[in-house]
Structures are given as structure tokens and as C-alpha cells.
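Observations on chain architecture
These are the residues of each chain, in order.
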Amino acid sequence: MPIKTIQAAMCSGYNCTGLYADSSCNATGVGASYTYNYAMIERRQSEFYCKAQWTRVTNKNSASRWTASATRYGGTYYEMYYQSVQSAAPIGYGVSVFTPMVGNDNGVNVIDTLSCGNTGTNQLSQPIGGSQPYLSPYCTSVW
Amino acid sequence: MKKIYTLLTFLMAGAILFLLGFAFNWANQRSAQASIDLSGIGITQTSRQPVLTPTSLLPTKGAILETLESPRLDALTDFRRGPLLNDEIRQSLIITQSQVVKDVLLQVSDVVLYDSRAYIKTCISSPDAVDPMDFGSSTLTSSEGIWINFYINGHPALISPEQGRCLILEYWDIPPIYATSMQFTMDIVGYVVPDEGRFCEAYQRRSQRDQRVVEAGIEFSCDEVNGAFSMEITRNDQNIPKNIVYGMVQDVVVGAVPGPWSFDLPVIHMQ
């Protein structure tokens, strides 16, 4: 069994950064999602409970694929910081991975982030979006 | 004699003045003509009409934009504009075709082309009428290309178990399309992904109502670990090989129903 990283458990704002959302966060989607290279890339948030945002990526191909996700923030091209995750093996259709959260600054101001994702037949280099995520088709902000 | 000479002098002066006036007028007319010609060139430039291919098929607005206003956007620039769906396009997407594969009804509209985008409304029925369904890999094809990437726009219309969940897929980077139809294929469909922290609750519920899992006496433990779900088979009454059991359970919990559903969709050009 993999080592389990601590999950949200009622964290809030900045204290949630680096933790995975759980049911206490009451997650919802933000804006329009899209698919790129069979990855459905969704911006997710917990507006009132965890006060944080993250990215969820789902494999939409009928074949199993490596699936990776990243939430990028900071710097000119959102290249400075990231929360990243990749499936431990190729995952089947409809299976998701989601990144740790990026908590709101002071629990109030939403950090400006990009949501990135990709799938592939081989392991993917991380973080998704590379050195200039703002210019990558694998990444997007909210529309 | 002197009077006659004076009179002739006046007449000659008048004739000269007349000729000078005529020459001046002629010169003015030539000059005016030249101005008309120049301004004529200007008018031709500003009122030039697009020369469309002599065909009964309309090009997309993207094609007209390419001819008149600006070069076509590259794929990344177009993508960065985000979804462009509006109410007018939404209302023009009317369900016209349907297919049933493995008890899943897929309904689709015609393809609406506008700007550099192609829109298709699709509704997917739920086989158990409990968990709503979501799309799988969806390919749009014409003689101009193949597209697999799209925005997903929700549809606020009433959702019934018969009609299912409706979405509007918006493909970007569509060039001018001259064909009268495009091919749309959805390879697979499945349940909507549960919210974070609720994967296992949904997966256990789905597996407990699946006849294959129940009859095979399969049970599993489930956990969410590091942004993904993890499961272990805890009961396997019929000793089905491990890889087959894992594959079966995974298909059941995500509700995977392989198709394909394939349609030949008429093309509608919105101006």
C-alpha cells in the first residue's frame, strides 16, 4: 500500500496548501472544463470550507493511460510553484487523479493558478506545463 | 479704317480669350477626370466584395474572416480564447439523431459551425437512471481533419432519465468546412466522476447494485490515497484471476459502457 499523505480534515486557506481535498472540503467545479489529448482537465475548488483550489484530471480514453495533473502558480508564466500528481500506473477510462490544494492567501484572496493535465501511453514528465505553463495547451486558467 | 482695325483687334482679343477659356475649361475637365479615376481606385478598394468559391455550400464565418479581416488564428491562440458558446448557438443546437448501444441512448444535434468552432449537443441516458453519465473520447472528422480536443459546456435543460445528461461539446481550431456533413463518434461513456472524498462511497454503491459483481461474490476495500483511488479485492468467491477481477470492478465503478456511437451529422453554418 502506498504511504498516505495527510488529507484536508477541515483545513482552511493557506493551511490547506499541499494537502489533498477530502469530503470535508465539499468540492465543486469552476468554469468550463475541457479535454486535451484524452485528459479531461477540471478546475476544482472549495469556496467556503477549505478555501482552496486544485486540479482534477480524468482519463477519457477507452484504453488505460498514464494520467497526470498539476496546479501551477507564481512567477511570470505560473512556472514558479506547483502541486503535482501522477497516477501510479496507467488508469482506465473515467478514473481520475487530483492535485493537492493551493489555499487562498490569508484564507481570503484566491491565488491565481493554472490547471494542467495530460495522459499518455508512457509516464509523463512533471510538472505538466513545463517551464512556461501559461503558453502550454495542457494548461488553462478559468474562463 | 481705323475703326475697322480696332473692331478686328477686339474680335481677335475676344477669340483669344474664348480659346484661353476653352483651354482652361478643358484642362479643368481633364484634371477632374483624373481625380475621378483616382477616387475610383479608392472606392474599388474599400467596397471590394469577397470572391467566394462558386458553390452552393457556405463557408464558415472563419473562412470569411480569413479572406477579409485577418489570417486564421493558430490553434493555441484560438484555444486561449476559451469557450465562445452563446445563447444563439445554444438555441440552434437541436437534437436530430439518436442511437442505442448496450442500453445507452445517445442523442446528438447537427454540427453548428461558427467562427473557428464546431458545436455538438449530446445527451447520454443513464442505464440505471440513478448516476448521471459523462462522455468519453469523442472524435469529429471531416475531409479537412480530425479533432479530439474540445471544451465541455454544461446544459441547463431539464434532465430526465430517458433523455439523460446533456452537454455541448465545443471543438476549437476548425478551418473552413465545405463538406455538407461531418462524422461524430463517441467510443465509450461512463458515470460522472464523484466529488473528491466521495469516490469510495460512490464506487461501493455502484458495485453493490451490479449483477456481475454480486453474482461473482466480489467485494473490495477502497480508499482515496494521494489524489487517486486505491482498492483491494477482499472477497472473490469464484476465484476469478486477479487481473480480470480488478478490470471488472474498475469498469463497474466508473460505469464504463463501450460503444461506439457513430453519426453522420449535417453541417449548419451560422453567420
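Residues numbered from 1 in each chain as written. Chains lettered and ligands numbered in written order. Predicted model: local features only at pLDDT ≥ 70, side-chain atom pairs only at ≥ 80, totals over all residues. Heavy atoms only, no water.

1. Considering the overall build of chain B
Heads up, the condition is: Comment: elements are numbered from the N terminus, with helices defined as DSSP H or I runs of at least four residues and strands as E runs of at least two. Buried residues are those whose accessible area, probed at 1.4 Å on protein chains only, stays under 20% of the maximum for their type, while exposed residues exceed 50% and partly exposed ones sit between those limits. Throughout, a contact is declared for two residues whenever any of their heavy atoms are within 4.5 Å. All accessibility values rest on the Shrake-Rupley procedure with a 1.4 Å probe; residue burial counts only the protein chains present in the view.
Of the regular secondary structure elements, chain B holds 7 helices and 13 strands. Going through the 271 residues of chain B one by one, you find that 41% of them count as buried. Relative to all contacts within chain B whose residues are 6 or more apart in sequence, the contacts with residues 24 or more apart total 67%. Put simply, chain B shows about 14,700 Å² of open surface, and 59% of that area lies on carbon and sulfur atoms.

2. Digging into the nonpolar core
Note the following rule: Here the nonpolar core consists of buried residues drawn from Ala, Val, Leu, Ile, Met, Phe, Trp, Tyr and Cys, with membership extended through side-chain atoms lying within 4.5 Å.
Counting residues in hydrophobic clusters, the biggest one holds 37 residues, and the most contacted among them are A:Met101, B:Tyr203 and B:Ile218. Of all the secondary structure elements, the ones that give two or more residues to this core are β3 (52-59) and β6 (96-98) of chain A together with α5 (199-208), β11 (218-225), β12 (228-236) and α7 (242-254) of chain B. The leading source of residues in this core is α7(B), at 6 residues. Core analysis: the second largest hydrophobic core is formed by 31 residues, B:Met133, B:Leu140, B:Ile174 and B:Met186 among them.

3. Side note on unusual backbone geometry
The step from A:Gln126 to A:Pro127 runs through a cis peptide bond, and the omega angle for that step is -5°. With respect to the helices and strands, the residue A:Pro127 is situated in the loop between β8 (113-120) and β9 (139-140). Looking along the chain, the bond that leaves B:Gly259 and enters B:Pro260 is cis, with omega of 10°. Positive phi is not limited to glycine here, since A:Tyr78 has a value of about 60°. Here A:Tyr78 lies in the loop between β4 (66-73) and β5 (81-86). At B:Asn239, a position not held by glycine, the phi torsion is positive, near 50°.

4. A few points about the pairing of strand β4 (residues 117-124) of chain B
Here is the key point about a regular strand: its side chains alternate between the two faces of the sheet. Residue and element names in this part refer to chain B. Counted only if it meets this: Pairing between two strands requires that DSSP report at least two bridges joining them.
Counting buried residues along β4, 8 of its 8 residues qualify, which places the element largely inside the surrounding structure. On β4, burial covers both faces: Arg117, Tyr119, Lys121 and Cys123 on one face and Ala118, Ile120, Thr122 and Ile124 on the other are all buried. Judged from the 3 bridges that link them, strand β2 (residues 104-109) and β4 form a sheet pairing that is antiparallel. Its bridge partner lying in β4, Leu106 is registered against Ile124. Pairing of strand β3 (residues 111-114) with β4 involves 3 bridges; the strand directions are antiparallel. The residue of β4 that forms the bridge with Tyr114 is Arg117. Here 7 bridges tie β4 to strand β9 (residues 165-171), and the two strands are oriented antiparallel to one another. Opposite Lys121, over in β9, you have Ile168 as the bridge partner.

5. A few points about the state of the cysteines
Quick note on the threshold: Any pair of cysteine sulfurs within 2.5 Å is marked as a disulfide.
The tally for this structure, following the rule as stated, stands at 5 disulfides over all chains. Across a sulfur-sulfur distance of 1.9 Å, A:Cys11 and A:Cys16 are joined as a disulfide pair. One quick way to see it: the torsion about the S-S bond of A:Cys11 and A:Cys16 is about 110°, and its sign makes the bridge right-handed. Taking the relative accessible area as the measure of exposure, A:Cys16 reaches 0% and is therefore buried. Two residues, B:Cys200 and B:Cys222, share a disulfide whose sulfurs are 2.2 Å apart. On the sign convention where negative means left-handed, the S-S torsion of about -75° between B:Cys200 and B:Cys222 marks this disulfide as left-handed. With B:Cys200 in helix α5 and B:Cys222 in strand β11, this pair connects stretches of sequence that are 22 residues apart.

6. Details of the environment of B:Gly190
Tracing the sequence through the fold places B:Gly190 in strand β10 (residues 181-191). Judged by relative accessible area, which is 0%, B:Gly190 ranks as buried. Between the alpha carbons of B:Gly190 and B:Ser126 there is a distance of 8.8 Å; along the sequence they are 64 residues apart. Those residues in contact with B:Gly190 that sit more than four places away from it in its chain are A:Tyr93, B:Pro132, B:Met133, B:Asp134, B:Val254, B:Gly255 and B:Ala256.

7. What to know about the confidence of the model for chain B
Residue and element names in this part refer to chain B. The cut-off we apply is this: Values of pLDDT, which run from 0 to 100, indicate the predictor's confidence residue by residue.
For chain B, mean pLDDT is 80; residues scoring 70 or higher make up 71% of the total. Within chain B, the lowest mean pLDDT, 39, falls on helix α2 (residues 61-68), and the highest, 98, falls on β3. Under a pLDDT of 50 for its full length, residues 26-69 has, in the predicted model, 29 contacts with residues more than four places off or in other chains. Overall fold confidence for the complex sits at a pTM of 0.81, while the interface term, ipTM, reaches 0.93.

8. Considerations on the interface of chain B and chain A
Where we set the bar: Two parts placed together each lose some accessible area under a 1.4 Å probe, and the buried area is that loss summed for both. Only one rule defines a salt bridge in this text: a Lys or Arg side-chain nitrogen within 4 Å of an Asp or Glu carboxyl oxygen. For the purposes of these results, a polar contact is taken to be a pair of N or O atoms within 3.5 Å, where, inside protein, one atom must be able to donate a hydrogen and its partner to accept one; residues adjacent in sequence count only when each atom of the pair is a side-chain atom. Residue type decides the class: Asp, Glu, Lys and Arg count as charged, Ala, Val, Leu, Ile, Met, Phe, Trp, Tyr, Cys and Pro as nonpolar, and the leftover types, Gly among them, as polar.
Counting residues at the interface gives 38 residues for chain B and 43 residues for chain A. The junction of chain B with chain A conceals about 3,400 Å² of combined surface from both sides, 56% of it contributed by carbon and sulfur atoms. Considering only the surface of chain B that becomes buried against chain A, B:Arg80, B:Glu196 and B:Asn226 emerge as the three largest contributors, covering 21% of it. Run the count over chain B and chain A and you get 4 salt bridges. Ionic pairing is found between B:Glu196 and A:Arg44, a salt bridge with its closest N-O pair at 2.8 Å. In this assembly, chain B and chain A are joined by 16 residue pairs in polar contact (both at pLDDT 80 or more). Mapped by element, the contributors of at least two residues to the side of chain B that touches chain A are α3 (75-80), β8 (150-154), β10, β11, β12 and α7 of chain B. Element by element, the count of residues in the side of chain B that touches chain A is highest for β12(B), at 4 residues. Tallied by class, residues from the side of chain B that touches chain A come to 19 nonpolar, 10 polar and 9 charged. Where strand β1 (residues 28-36) of chain A and β8(B) come together, 3 bridges link them in antiparallel fashion. Counterpart to A:Tyr34 in the pairing with β8(B) is B:Tyr151.

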